[in-house]
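Analysis of the macromolecular model
In case you want the letters, here they are:
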Amino acid sequence: MSNPGQGSQGVAAPSAGPGWEYAAAPESREIATIAPAYGLFIGGEFVPAQDGRRFTTINPASEQPLSEIAAAGPADVDRAVRSARGAFDRVWGRMPGRERAKYLYRIARILQERAREFAVLESLDNGKPIRESRDVDVPLAAAHFFYHAGWADKLEYAGFGPSPRPLGVAGQVIPWNFPLLMAAWKLAPALAAGNTCVLKPAETTPLTALLLAEVCQQAGLPPGVVNVVTGAGDTGAALVAHPGVNKVAFTGSTEVGKQILRTVAGTGKKLTLELGGKAANVVFDDAPLDQAIEGIVTGIFFNQGHVCCAGSRLLVQESVADMVTERLKRRIGMLRLGDPLDKNTDIGAINSRQQLDKIRELSSAGDAEGAQRWSPPCELPDKGYWFPPTVFTGVSQSHRIAREEIFGPVLSLLTFRTPEEAVTKANNTPYGLSAGVWTEKGSRILWMAQRLRAGVVWANTYNRFDPASPFGGYRESGFGREGGRHGLEAYLSP
Ligand code: NDP
């Protein structure tokens, strides 16, 4: 494995000017500017938190600070919800869909125009490779606004009654793994349906949500239609508990999802939860193996494995298990880990110290329980949070690494003999978000898809997303769908 190291990706100390540029790779300099401090986005403008509290967001690849971010307290959340309510009552809730659509199109176009800026900022704040933020996160975020712009004036044909109505104010809490994309997944359908929004980004990745707020200003979105309250978990808790919120949409851990379920129970608020997963990626002996190897790698190492639908449990048919293991290791040895702003990087930084500790802890549990750990020779950068791509073989279903969501670049390999055994093992999880099937037989794909208890089943591919395709899980992976016609339902009442 080559390791280009961190090069000059570190972030320069803030200069005396009003804003400052990070000192990254030369081609990305001047692409994104980061202000020394950011306020909350409430009522169409950036304002400080009422009690003046702030926190620092850092670059996880270098541990250098990027900016100071306002931490919203209950009073700020209240102000944001009131602002959203006012905008709903005065303008957005009454605006014809064809007019709302124009704003959504405008946001989508601006996202495309400022795509490089968003991609660089996302990679700086999150640690993900620029190749992914450039080719996946940002284009998909724009696609979500385009897609939902198309729905805004056609809601009466969406199958939710002749004149579906918006719910009011949506309180939306998102995680750090796809900060911009998750913001788009939440905002676009809510706005298309005529709701106003208060969005709470994750503490470690607030920057692209704040840039998106700036895009809302640029698009001339009426003040208060979108509000962004940055802060930690307590800000999210205040938002979901606020009595002025009509709809709660959450993506994150199952644990916090359960807390939110308890908070919302009995309040009449509509709720969707998109939670964790422990997906099985099932490879049969008749699968096109070269493609399957690529799909396994994408399934677990895309975004450092910080993906709720990651194919973290690889189930390989016993007759090809040795061959798959060998080819997989050879392919993993070619992955490049290092500077997220280098276009050749495949694996970037782990998003936070806390997440790195969790990955280390679960991997150590794998060792202790008797699985065999393998990583390619790989020198990790000195600064920042890094974990090498890792495969555990000799894993049994009872091991923690086969049961718990690691949310990192760690794959657990198990084997099976028959399709029935594959289904039993794949479904042996409290989660139900996603699964993958690799086989050349169409009939077997359908047979498996009918039996796998997962919201999404990919066949001969993995981690494919499209705004027109509903995404979501059941059991401990949550409920409700995002994307497609089904995703609109969460934001409408008949
Ligand atoms: P969380 O579920 O804690 O975070 C998701 C979002 O919820 C963040 O914005 C967070 O704020 C906010 N939040 C935290 N506590 C509350 C609360 N009580 N009420 C309302 N909102 C709250 O995930 P973590 O970031 O802590 O990650 C922990 C684990 O969760 C990971 O290791 C991974 O296994 C899993 N995870 C799964 C995701 C998925 O998409 N399925 C996404 C992210 C994590 P803040 O960031 O400030 O804590």
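1. A closer look at the overall build of the protein
Along the backbone of the protein there are 15 helices and 22 strands. Its C-alpha atoms give the protein principal-axis dimensions of roughly 65 × 55 × 35 Å. The 494 residues of the protein split such that 60% are buried. About 18,300 Å² of surface is accessible on the protein, with carbon and sulfur atoms providing 51% of the total. Between the mean site of the 52 positive side-chain charges and the mean site of the 50 negative ones, the protein shows a separation of 6 Å.

2. Focus: the nonpolar core
Grouped together as the largest cluster of nonpolar side chains are 112 residues, with contacts concentrated most on Leu111, Phe145, Leu191 and Leu212. Residue contributions to this core peak at 11 residues, all from helix H5 (residues 179–192). The contact partners of Leu212, leaving out residues within four places of it in the chain, are Ile107, Leu111, Phe118, Leu180, Ala183 and Leu187. By size, the runner-up hydrophobic cluster in this structure holds 27 residues, among which are Tyr385, Ile401, Val410 and Val437.

3. Looking at unusual backbone geometry
Its identity as a non-glycine residue notwithstanding, Glu63 has a phi of 65°, on the positive side. Locating Glu63 in the fold gives a position in the loop between strand S6 (54–59) and strand S7 (64–70). Under the relative-accessibility criterion, Glu63 is labelled partly exposed at 28%.

4. Looking at the environment of Ser67
Within the secondary structure layout, Ser67 lies in strand S7. By relative accessible area, which is 3% here, Ser67 ends up buried. Distance in space between the C-alpha atoms of Ser67 and Thr57 is 5.6 Å, their sequence separation being 10 residues. Every residue in contact with Ser67, bar those within four places of it in the chain, is listed here: Ile34, Ala35, Pro36, Ala37, Tyr38, Phe55, Thr56, Thr57 and Leu207. Within polar-contact distance, the side chain of Ser67 engages the backbone oxygen of Pro36 at 3.1 Å.

5. Re the confidence of the model for the protein
Residues with a pLDDT of 70 or more make up 94% of the protein, whose mean pLDDT is 93. Scored below 50 in pLDDT, residues 1–29 makes 90 contacts in the model with residues more than four places away or belonging to other chains.

6. A word on the layout of surface pockets
The volume enclosed by the largest pocket comes to roughly 1,200 Å³. Lining the largest pocket are 48 residues, and of these Trp176, Gly252, Ser253, Val256 and Gln354 lie nearest its centre. Mapped by element, the contributors of at least two residues to the lining of the largest pocket are S6, helix H7 (233–241), strand S12 (247–251), helix H8 (254–264) and helix H11 (353–368). For the lining of the largest pocket, the per-class residue count stands at 20 nonpolar, 17 polar and 11 charged. Its volume calculated, the second largest pocket comes out at about 470 Å³. Arg131, Glu294, Val297, Thr298 and Phe302 are, among the 21 residues lining the second largest pocket, the residues nearest its centre. No other element matches helix H9 (residues 289–301), which puts six residues into the lining of the second largest pocket. Partitioned by chemical class, the residues of the lining of the second largest pocket number eight nonpolar, six polar and seven charged.

7. Points about the site of the ligand
Ile174, Trp176, Lys200, Ser253 and Lys358 are the nearest of the 28 residues found near the ligand. Interatomic distance of 2.9 Å between a backbone N/O atom of Leu275 and a nitrogen atom of the ligand. Compared with its free state, where it exposes 850 Å², the ligand has 87% of that area covered by protein. The cavity that encloses the ligand is the largest pocket. Breaking the shell around the ligand down by element, the ones donating at least two residues are H7, S12, H8 and H11.

8. What about empty space enclosed by the protein?
Enumeration according to the criterion identifies six cavities of 30 Å³ or more in this entry. For the largest cavity, the calculated volume is near 90 Å³. Broken down by class, the residue content of the lining of the largest cavity amounts to eight nonpolar, four polar and three charged.

9. Structural notes on the sheet that holds strand S19 (residues 434–438)
Read across the sheet, seven strands follow the order S16-S17-S18-S15-S14-S19-S20 without closing on themselves; strand pairing throughout is mixed. Both edges of this open sheet fall to strand S16 (372–374) and strand S20 (456–459), since each of them pairs with a single strand only. Direction aside, the axes of adjacent strands within the sheet are offset by 20° on average. Sheet topology note: the S16/strand S17 (residues 390–393) ladder contains three bridges and is antiparallel. Residue Arg373 lies in a different strand from S17, and its bridge partner there is Phe392.

10. Observations regarding the packing of helix H13 (residues 419–426) against helix H14 (residues 442–451)
The interhelical angle for the contact between H13 and H14, taken along N-to-C directions, is 35°, at an axis separation of 10 Å. Crossing hand, H13 versus H14: right-handed. Only Arg444, Trp447, Met448 and Arg451 of H14 make contact with H13, whose side of the interface consists of Pro419, Glu420, Ala422 and Val423. The class makeup of the residues in the contact of H13 with H14 is five nonpolar, no polar and three charged.

11. Details of the pattern of salt bridges
What the rule picks out here adds up to 22 salt bridges. As a salt-bridge pair, Glu99 and Lys102 come within 3.2 Å of each other at their nearest N and O atoms. In this pair, Glu99 and Lys102 both sit in helix H2 (residues 97–113), three residues apart, roughly one turn of the helix. Among the ionic pairs, Glu326 bridges to Arg330, the shortest N-O distance being 3.3 Å. Here Glu326 and its partner Arg330 are both found in helix H10 (residues 318–332), four residues apart, which amounts to about one turn of the helix. Residue Glu326 shares its accessibility class with Arg330, and that shared class is exposed.

Each value, and the rule that gives it
- Residues numbered from 1 in each chain as written.
- Predicted model: local features only at pLDDT ≥ 70, side-chain atom pairs only at ≥ 80, totals over all residues.
- Heavy atoms only, no water.
- Helix = DSSP H or I, 4+ residues; strand = E, 2+ residues; numbered from the N terminus.
- Buried < 20%, exposed > 50% of the residue type's maximum accessible area, 1.4 Å probe, protein only.
- Areas by Shrake-Rupley, 256 points an atom, 1.4 Å probe, with all protein chains shown as cover.
- Lys, Arg positive; Asp, Glu negative; His and termini not counted.
- Charge placed at Lys NZ, Arg CZ, Asp CG, Glu CD.
- Core = buried A, V, L, I, M, F, W, Y, C linked by side-chain atoms within 4.5 Å.
- Contact = heavy atoms within 4.5 Å.
- Polar contact = N/O pair within 3.5 Å; in protein donor to acceptor, adjacent residues only side chain to side chain.
- pLDDT = per-residue confidence, 0-100.
- 1 Å grid on protein atoms, 1.4 Å probe; cavity = no way out; pocket = protein on both sides within 12 Å on 5 of 7 lines; lining within 4 Å.
- Points joined across faces, edges and corners; volume = space filled by probe spheres on them.
- Nonpolar A, V, L, I, M, F, W, Y, C, P; charged D, E, K, R; others polar.
- Near = heavy atom within 4 Å.
- Sits in = over half its atoms within 2 Å of the grid points.
- Pairing = 2+ DSSP bridges.
- Axes fitted to C-alpha atoms, helices over the stretch in contact; angles between N-to-C directions.
- Left-handed = near helix turned anticlockwise from the far one by under 90°.
- Salt bridge = Lys/Arg side-chain N within 4 Å of Asp/Glu carboxyl O.

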